[in-house]
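The residues making up each chain are set out below.
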Amino acid sequence: MRLDKLLVELNIGTRSEVKALLKKGLIFVDGKKAVKPEEKVDENTVTITYQGKEFTYKKFSYYVINKPKGVITATEDAHEKTVMDVFYSQVPDAPRGLSPVGRLDKDTTGLLLITNDGQLAHDMLSPKKHVDKTYFVTLDGGLTEENIKALEEGVHIGEGEPTAPATVEYEGGNTCYITIHEGKFHQVKRMFFAVGREVLELKRTAFGNLTLDEEKLPLGQVSEINYNK
């Protein structure tokens, strides 16, 4: 890989900025001062040093965020604060080109994966892969056995075919866990509306083999992970 391209991918600067840094002799490659932006380097083994900090290249990066309320799931938006604004405010040195996998509604909290691994994102969102998503739901009232049976068998939410079978964990009161493997617009809220209940609070607690540990990852916080496919 060209050195200037690598420096951009490491989020050291834009193409013009890193060329200026190289010209000033501020970039070191494996301990040696580098000045040529076109220099070829092995991105998998080289160590870049800038301002006393070492940078190493990873083809893919994986992070999880415990998404707070009030931010939209998007990479950028001219009018709304996005989950990526929250992300980069905490991890300013993270690579560019990262994006959230799927989306959580503006008022929904919980587990969200952020990565630049496009194939993983595709696999986790593909309906054919049946990747589970679990939510902790606070409702405006309790559930009956008939409600639970309907949710678990599939309900009509105005899209022709009923939803795929879900799993509901309910122990009374006005809260429950529901696991689905589809990703229709406002799906969980619409499913409960179909059985006569309104969702007051919604939090995603698991996505595929990822689970939310709120003690280690409080609301609004970000953590880098080693993702095992």
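For the structure itself, look to the data block above.
Residues numbered from 1 in each chain as written. Predicted model: local features only at pLDDT ≥ 70, side-chain atom pairs only at ≥ 80, totals over all residues. Heavy atoms only, no water.

Participant: Help me get a handle on the sheet that holds strand 2 (residues 32–34), residues and values and all.
Facilitator: Reading across from one edge, 2-1-3-4 is the order of the four strands in this open sheet, with antiparallel pairing throughout. For this open sheet the edge positions go to strand 2 and strand 4 (53–55), each flanked by a neighbour on one side alone. Strand-to-strand twist across the sheet, computed as the mean angle between neighbouring axes with direction ignored, equals 35 degrees. Two elements, strand 1 (residues 27–29) and strand 3 (residues 48–50), share three bridges in a ladder whose sense is antiparallel. Across the sheet, residue I27 finds its bridge partner in strand 3, namely Y50. (Pairing = 2+ DSSP bridges. Helix = DSSP H or I, 4+ residues; strand = E, 2+ residues; numbered from the N terminus. Axes fitted to C-alpha atoms, helices over the stretch in contact; angles between N-to-C directions.)

Participant: Tell me what's going on with unusual backbone geometry, and back it up with residues and numbers.
Facilitator: Residue D30 is not a glycine yet carries a positive backbone phi of 50 degrees. With respect to the helices, strands and loops of the structure, D30 is situated in the loop between strand 1 and strand 2. Positive phi is not limited to glycine here, since H186 has a value of about 50 degrees. Assignment of secondary structure puts H186 in the loop between strand 10 (175–180) and helix 6 (187–194).

Participant: Got a sec to walk through the nonpolar core? Specific residues and values, please.
Facilitator: Ranked by internal contacts, the top residues of the largest apolar core, which has 34 residues, are F87, V137, I178 and F192. Looking at this core, the elements with two or more residues in it are strand 5 (62–67), helix 3 (83–90), strand 7 (109–115), strand 8 (133–139), helix 5 (145–153), strand 10, helix 6 and strand 11 (199–207). Per-element accounting of this core gives the leading share, five residues, to helix 3. When neighbours within four sequence positions are excluded, F192 is seen to be in contact with V137, L139, L143, L151, C176, I178, R197 and V199. In this structure, L3, L7, V18 and L22 belong to the second largest nonpolar core, which totals 17 residues. (Core = buried A, V, L, I, M, F, W, Y, C linked by side-chain atoms within 4.5 Å. Buried < 20%, exposed > 50% of the residue type's maximum accessible area, 1.4 Å probe, protein only. Contact = heavy atoms within 4.5 Å.)

Participant: Residue-level account of the pattern of salt bridges, with values.
Facilitator: Going through the model one piece at a time under the given rule, you end up with 15 salt bridges. For R190, the salt bridge goes to E159, with nearest N and O atoms at 3.0 Å. Taken together, the residues R190 in helix 6 and E159 in the loop between helix 5 and strand 9 (167–170) connect sequence positions 31 residues apart. (Salt bridge = Lys/Arg side-chain N within 4 Å of Asp/Glu carboxyl O.)

Participant: Explain the side chain of D105 to me, using residue names and the numbers behind them.
Facilitator: In this fold, D105 is placed in the loop between strand 6 (99–100) and strand 7. Assessed through its relative accessible area of 10%, D105 is described here as buried. A polar atom in the side chain of D105 sits 2.7 Å from the side chain of H186. Residues within four places of D105 in sequence aside, it is in contact with K67, V71, H186 and K189. (Polar contact = N/O pair within 3.5 Å; in protein donor to acceptor, adjacent residues only side chain to side chain.)

Participant: Quick one: what's the story with the environment of N174, residue by residue and with numbers?
Facilitator: Mapping N174 onto the fold places it in the loop between strand 9 and strand 10. N174 gets classed as partly exposed once you look at its relative accessible area, which sits at 33%. The spatial distance from the C-alpha of N174 to the C-alpha of G141 is 5.0 Å, given a sequence separation of 33 residues. The contacts of N174, once residues within four sequence positions are left out, are V137, T138, L139 and G141.

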